[in-house]
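The primary structure of each chain is shown beneath.
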Amino acid sequence: MGLGLGGDRQGLFARLKAGLAKTHDGFINKVERLILRRNRIDDELLDELEELYLQGDVGPRTTEELMARLRRAVARNEVRTPDEVLVFLKAQAREILSGCAGRIELPAQGVGVIMMVGTNGSGKTTTVAKLGRRLKHEGRRVILAAADTFRAAAAEQLVIWGERAGLEVISQKPGSDPAAVVYDTINAAIARGYDTVIVDTAGRMHTKVNLMEEMKKIRRTASKLVPGSPHETLLVLDATTGQNAFSQLRLFHEAVGLTGLVLTKLDGTARGGVVLGLAREFPVPVKLVGVGEKVEDLQDFDADAFVDALYDR
Ligand SMILES: Nc1nc2c(ncn2[C@@H]2O[C@H](COP(=O)(O)OP(=O)(O)OP(=O)(O)O)[C@@H](O)[C@H]2O)c(=O)[nH]1
Ligand SMILES: [Mg+2]
């Protein structure tokens, strides 16, 4: 099933806009000011634009491609004035992002399993809790697996979130096998008629082989109990990590085959342009964005809403 944006659309848009204010001010607004100061398009303008895109963490490949497209459009007289450059770049952003937006997809019947992975502190546990709460509001029967058995306080953190949201959490002693927690949780779901399992996992360095193996074991355990699961394996990426996000995405995707991305902490950075680069360079759809610490700040990724919230003030 595809899940809706949920809630009050205008309120959500206002939160998205507030969450993207730093990127608007620190990136988009600089681009606008640069362009609108000029009365003609020349190499100097294009070079300065390129610099702003790189500073905005769009990434060298996507920046280069966008600039090449812009130069072509200028050469063909499709873009003639600085005003038109702005319109062109906004349209490009819309095109790139709409090609990469995705929704969380769970089976219509049986137990749907969502697994959250990512590096330390990226926002996995809060994303598990917020998403669980939202899916519950949308009528799903949700149970959470505290499969971060590595950090002693991790299960406790999830249990507290679970209590607040009225969600059952299955956990074991610190140090136990995370795959065993997932085994217990999926069995509990099957036995007690839950239709959605969300798995929190321990933060891991994407460069540590044994931790990446642990993630694969969790996946094998899930697929034995529910063939075809996990239905979603979401990489939670902290948007403030900048260019490091690219190598994280590549290595996690190689290790477990991601079905989607969650970009958190967009509210804390002026470098939200990273979404453009990630979207352009990887075949993994962006499914959720985090623009603050409140429950409503975890939103489905909607490309049009995102571009509008970023550009229009
Ligand atoms: N501002 C902001 N803070 C966020 C967002 N998402 C998560 N956080 C905060 O980031 C911090 C870390 O979040 P956790 O969910 O504990 O991260 P984690 O990935 O589970 O961390 P480990 O389990 O230690 O690997 C918390 O203080 C969250 O409130 C967001 O979208 N915006
Ligand atoms: Mg955690």
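This write-up is about the structure you can find in this document. The structure displayed is predicted, hence computed values, not measured ones.

What counts and what doesn't
Residues numbered from 1 in each chain as written. Chains lettered and ligands numbered in written order. Predicted model: local features only at pLDDT ≥ 70, side-chain atom pairs only at ≥ 80, totals over all residues. Heavy atoms only, no water. 1 Å grid on protein atoms, 1.4 Å probe; cavity = no way out; pocket = protein on both sides within 12 Å on 5 of 7 lines; lining within 4 Å. Points joined across faces, edges and corners; volume = space filled by probe spheres on them. Helix = DSSP H or I, 4+ residues; strand = E, 2+ residues; numbered from the N terminus. Nonpolar A, V, L, I, M, F, W, Y, C, P; charged D, E, K, R; others polar. Salt bridge = Lys/Arg side-chain N within 4 Å of Asp/Glu carboxyl O. Buried < 20%, exposed > 50% of the residue type's maximum accessible area, 1.4 Å probe, protein only. Pairing = 2+ DSSP bridges. Axes fitted to C-alpha atoms, helices over the stretch in contact; angles between N-to-C directions. Contact = heavy atoms within 4.5 Å. Right-handed = clockwise from strand over helix to strand, strands pointing away. Core = buried A, V, L, I, M, F, W, Y, C linked by side-chain atoms within 4.5 Å. Expected span 1.5 Å × (residues − 1). Arc of directions from axis to C-beta.

Let's shift gears to empty space enclosed by the protein. Going through the model one piece at a time under the given rule, you end up with one cavity of 30 Å³ or more. By volume, the largest cavity amounts to about 60 Å³. Together, Phe27, Ile28, Ala93, Leu97, Gly272, Gly273, Val275, Leu276, Phe306, Leu310 and Tyr311 line the largest cavity. For the lining of the largest cavity, the secondary structure elements donating two or more residues are helix H2 (21–37), helix H5 (82–98), helix H11 (274–281) and helix H12 (303–311). No other element matches the three residues that H12 contributes to the lining of the largest cavity. Of the residues in the lining of the largest cavity, the class split is nine nonpolar, two polar and no charged.

Moving on to the pattern of salt bridges. Scanning all chains against the criterion turns up 25 salt bridges. Glu296 is paired through a salt bridge with Arg15; the nearest N and O atoms lie 3.9 Å apart. One end of the pair, Glu296, is in the loop between strand E7 (286–290) and strand E8 (298–300); the other, Arg15, is in helix H1 (residues 9–19), with 281 residues separating them in the sequence. Classification of Arg15 as partly exposed rests on a relative accessible area of 29%. Of the charged contacts, one joins Arg94 and Asp308 as a salt bridge, the two residues approaching to 2.8 Å between their closest N and O atoms. Linking Arg94 in helix H5 with Asp308 in helix H12, this pair joins segments that are 214 residues apart in sequence. Its relative accessible area of 24% is what places Arg94 among the partly exposed residues.

With that settled, consider the layout of surface pockets. Approximately 390 Å³ is the volume attributed to the largest pocket. Lining the largest pocket are 24 residues, with Gly121, Ser122, Gly123, Lys124 and Thr126 sitting closest to its centre. The set of elements that each furnish at least two residues to the lining of the largest pocket consists of helix H6 (124–137) and helix H7 (152–165). For the lining of the largest pocket, the element with the most residues is H6, which contributes five residues. Residue composition of the lining of the largest pocket, by class: four nonpolar, 13 polar and seven charged.

The mixed open sheet is built from eight strands, whose spatial order is E3-E2-E4-E1-E5-E6-E7-E8. Each having just a single partner strand, strand E3 (168–170) and E8 make up the two edges of the open sheet. Averaged over neighbouring strand pairs, the angle between their axes works out to 25 degrees when direction is ignored. Strand direction decides the pairing type here: strand E1 (residues 112–117) and strand E5 (residues 232–238), joined by four bridges, are parallel. Among the inter-strand pairings, Met115 is bridged to a residue of E5, identified as Thr233. Each of E1, strand E2 (142–147), E3 and strand E4 (196–201) touches helix H8 (residues 178–192); the most contacted strand, E2, lies at about 165 degrees to it. Across the face of the sheet, helix H10 (residues 244–256) comes into contact with E1, E5 and strand E6 (260–264) while running at roughly 160 degrees to E5.

Here we come to the pairing of E6. Taking burial as the measure, the five residues of E6 include five buried ones, the bulk of the element. Of the two faces of E6, both are covered, the one formed by Gly260, Val262 and Thr264 as well as the one formed by Leu261 and Leu263. In terms of strand pairing, E5 meets E6 through five bridges, oriented parallel. In the sheet register, Leu237 faces E6, and the bridge partner there is Leu263. A crossover connection joins E5 to the parallel E6 through H10; in handedness this β-α-β unit is right-handed. Where E6 lies against E7, three bridges are found, and the strand directions are parallel. The residue bridging Leu263 from the neighbouring strand is Val289, located in E7. Once the chain exits E6 it traverses H11 before rejoining the sheet at E7, and the crossover so formed is right-handed.

With that settled, consider the nonpolar core. Counting 80 residues, the largest nonpolar core has Leu49, Tyr53, Leu97 and Leu278 as the members making the most contacts within it. Apart from the residues lying within four places of it in its own chain, the contact partners of Leu49 are Val31, Leu34, Ile35, Met67, Leu70, Val85 and Leu89. Ile104, Leu144, Val169 and Ile198 belong to the second largest nonpolar core, which has 21 residues in total.

In this model helix H3 (residues 43–55) runs 18 Å from its N-terminal to its C-terminal C-alpha over 13 residues, within 8% of the 18 Å that 1.5 Å per residue would give. Turning to H3, its buried residues are Leu45, Leu46, Leu49, Leu52 and Tyr53. All buried residues of H3 project into a common sector of 120 degrees when viewed along the axis, lining one side. On its buried face, H3 sits against H2, helix H4 (60–75), H5, H11 and H12. Two residues or fewer after H3 comes Asp57, characterised by a positive phi angle close to 70 degrees.

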